Amino acid sequence: MERLRAPAELPSLTGFREFVDRSAAAAGAGPELLLKIELVLEELLVNHVMHAYGSGKGDSEVACYSGRRDGSALKWSTRLRPL
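None of the values given here were measured: they were computed from a predicted structure.

Caption draft 1: Representation of the side chain of Glu-61. Following the sequence through the fold, Glu-61 ends up in strand β2 (residues 59-68). Exposure remark for Glu-61: the relative accessible area of 10% places this residue in the buried category. Here Arg-3 takes part through its side chain, which lies 2.8 Å from a polar atom of the side chain of Glu-61. A polar atom in the side chain of Glu-61 sits 3.0 Å from the side chain of Arg-5.

Below you can see the structure in the form of structure tokens.
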């Protein structure tokens, strides 16, 4: 499983997108599926940046893996500051 961790900031979207695109293409995703994955990724990151940390700073992490019987998977995780 490959992982990418970066600051939860809008400029990080480019790196996450490139990472996920490479992983998805290597797993056999076609152009139409890649566009859908990019849309989901953008929604996740923008919502995360805008709402998860408030005025604080934090990281986001994406993990990509394949080998499942039904295809590949994308996992999004984060560490939120304690309430």
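Caption draft 2: Quick peek at helix α1 (residues 12-26). Its 15 residues give α1 an end-to-end C-alpha distance of 22 Å, which sits within 8% of 21 Å, the value for a rise of 1.5 Å per residue. Turning to α1, its buried residues are Ser-12, Leu-13, Phe-16, Phe-19, Val-20, Asp-21, Ser-23 and Ala-24. Trailing α1 by a residue or two, Gly-28 shows a phi angle of about 100°, which is positive.

Caption draft 3: Examining the environment of Glu-42 more closely. Along the chain, Glu-42 turns up in helix α2 (residues 31-51). Separated by 29 residues in sequence, Glu-42 and Leu-13 have C-alpha atoms that sit 6.9 Å apart. When near neighbours in sequence (up to four residues on either side) are disregarded, Glu-42 contacts Leu-13 and Arg-17.

Conventions used here
Residues numbered from 1 in each chain as written. Predicted model: local features only at pLDDT ≥ 70, side-chain atom pairs only at ≥ 80, totals over all residues. Heavy atoms only, no water. Helix = DSSP H or I, 4+ residues; strand = E, 2+ residues; numbered from the N terminus. Buried < 20%, exposed > 50% of the residue type's maximum accessible area, 1.4 Å probe, protein only. Polar contact = N/O pair within 3.5 Å; in protein donor to acceptor, adjacent residues only side chain to side chain. Expected span 1.5 Å × (residues − 1). Contact = heavy atoms within 4.5 Å.

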